[in-house]
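Each chain is listed here by its residues.
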Amino acid sequence: MSQEIHESESEPEATRRTADEAESSRASRGWWDRNADDYQSDHGAFLGDDRFVWGPEGLDEAEAALLGPTAELKGLDVLEIGAGAAQCSRWLAARGARPVALDLSHRQLQHALRIGGDVPLVEADAGRLPFQDGSFDLACSAYGAVPFVADPVQVFREVHRVLRPGGRWVFSVTHPIRWAFPDEPGPEGLSVAASYFDRVPYVEQDERGDAVYVEHHRTLGDRVRDVVAGGFRLIDLVEPEWPEWNDQEWGGWSPLRGHLIPGTAIFVCERDHRPS
């Protein structure tokens, strides 16, 4: 949930160009390892140590119940993808679920260890999940992995594989409409500046031309088609409204923009009851 640039000896160049799965994965691992400390310092208080927040708007799973009724989480096996410091997994564990927190970044998982708790931590790529078929009842991701991968369908197929029949997969991403606007929290972020239909990835690259940050754009329709191609049924699409209590700015998210245009899209998906 961040597009902040880490200060380094030379500022990376922002561009739009293709980036394949390997380059995207490599860039994401490096970026989050370098920026995990700043991310947790800047946003840790908002995220909490054991709170389940779906995005910068502050929509809380405790009230949204997108994974299902909170009282029914007890005893369920849950995979959190792109878990960061595993805040969501701790919230799930406190409700009696059995979560596993997975992240590509070693440094993010070190922060999970720093905070503590009994949640198992796994360092792995979301496109190659190191679990047996049918290992989990639920899977979730709050701004983790999906925006940063070149092939989201591969991720969805992996999630489908490790879920049991009838399992739910819920993930949040930057709302696709935001790609048409500058990533600015103030008035300059309210004017359309690019084509919503331009799917060329946003890339920050170093002086050698190697990507150090990659984010991939999919339209809303693309996301729905990807969900279906991954073997899921879309049962809800949630676009959280900006609440009056939230006065924070987080990258391009702000009360000004949040009251006018959506910033987050949450896809609630279900695996069919038939075995693979």
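Residues numbered from 1 in each chain as written. Predicted model: local features only at pLDDT ≥ 70, side-chain atom pairs only at ≥ 80, totals over all residues. Heavy atoms only, no water.

Chemist: Sorry, what's going on with empty space enclosed by the protein here?
Modeler: If a probe as big as a water molecule is rolled over the atoms, it shows which places are left empty. By the definition in use, this model includes 3 cavities of 30 Å³ or more. Its volume calculated, the largest cavity comes out at about 530 Å³. Along the walls of the largest cavity sit 38 residues, with Gly-82, Asp-103, Tyr-143, Gly-144 and Ala-145 positioned nearest its centre. Those elements that provide at least two residues to the lining of the largest cavity are α1 (21-47), β2 (77-81), α3 (87-94), β3 (98-103) and α5 (152-162). In terms of residues, the lining of the largest cavity owes the most to one element, α1, which gives 8 residues. Grouping the constituent residues of the lining of the largest cavity by class yields 20 nonpolar, 12 polar and 6 charged. Looking at the second largest cavity, its volume works out to about 50 Å³. Taken together, Pro-147, Val-173, Thr-174, Pro-176, Trp-179, Glu-215, His-216, His-217, Arg-218 and Arg-223 make up the full set of residues lining the second largest cavity. For the lining of the second largest cavity, the residue count by class is 4 nonpolar, 3 polar and 3 charged. (1 Å grid on protein atoms, 1.4 Å probe; cavity = no way out; pocket = protein on both sides within 12 Å on 5 of 7 lines; lining within 4 Å. Points joined across faces, edges and corners; volume = space filled by probe spheres on them. Helix = DSSP H or I, 4+ residues; strand = E, 2+ residues; numbered from the N terminus. Nonpolar A, V, L, I, M, F, W, Y, C, P; charged D, E, K, R; others polar.)

Chemist: Where do I start with the packing of α1 against helix α4 (residues 106-115) in this structure?
Modeler: Between two packed helices, the angle of one axis relative to the other and the distance separating the axes together describe the packing. One way to put it is that α1 packs onto α4 with a least axis distance of 7 Å and a crossing angle of 35 degrees. On the side of α1, the interface is formed by Trp-32, Asp-33, Ala-36, Asp-37, Tyr-39 and Gln-40, while α4 contributes His-106, Arg-107, Gln-108, His-111 and Arg-114. (Axes fitted to C-alpha atoms, helices over the stretch in contact; angles between N-to-C directions. Contact = heavy atoms within 4.5 Å.)

Chemist: Would you mind showing me how to read the packing of aromatic side chains here?
Modeler: Each aromatic ring pair is summarised here by two numbers: the centre-to-centre distance and the angle between the ring planes. Using the criterion set out here, one finds 17 aromatic pairs in the structure. Aromatic pair Phe-52 and Trp-54: ring centres 4.7 Å apart, planes at 45 degrees, arrangement tilted. We classify Phe-52 as buried; its relative accessible area is 0%. Grouping aromatic residues by their ring pairs yields a cluster made of Trp-31, Trp-32, Tyr-39, Phe-46, Phe-148, Tyr-202, Tyr-213 and Trp-250. Between the NZ or CZ atom of Arg-51 and the centre of the ring of Phe-46, over which it lies, the distance is 5.2 Å. (Phe/Tyr/Trp six-rings, centres within 6.5 Å; stacked < 30°, edge-to-face > 60°. Buried < 20%, exposed > 50% of the residue type's maximum accessible area, 1.4 Å probe, protein only. Lys NZ or Arg CZ within 6 Å of the ring centre and 35° of its normal.)

Chemist: Please clarify how the sheet that holds strand β4 (residues 121-123) should be interpreted in this entry.
Modeler: Strand pairing in a sheet relies on backbone hydrogen bonds, with the paired strands running either antiparallel or parallel. Across the sheet, 7 strands lie side by side as β4-β3-β2-β5-β6-β10-β9; this open sheet has mixed pairing. In this open sheet, the two edge strands, each paired with only one partner strand, are β4 and β9 (232-238). Looking at each pair of strands side by side, their axes are set apart by 20 degrees on average, direction ignored. Note: β9 against strand β10 (residues 264-271), 6 bridges, orientation antiparallel. Bridge pairing links Arg-233 to Glu-270 in β10. With respect to the sheet, α4 is in contact with β3 and β4, its orientation differing from that of β4 by roughly 170 degrees. (Pairing = 2+ DSSP bridges.)

Chemist: When you look at the pairing of strand β6 (residues 163-174) in this model, what are you seeing that I'm missing?
Modeler: Two faces belong to every sheet, and in a regular strand the side chains alternate between them. In this sheet, β6 lies alongside strand β5 (residues 136-142) in parallel orientation, the contact comprising 6 bridges. For Cys-140, the partnering residue across the bridge sits in β6 and is Val-170. Considered for its hand, the β-α-β crossover made up of β5, α5 and β6 is right-handed. (Right-handed = clockwise from strand over helix to strand, strands pointing away.)

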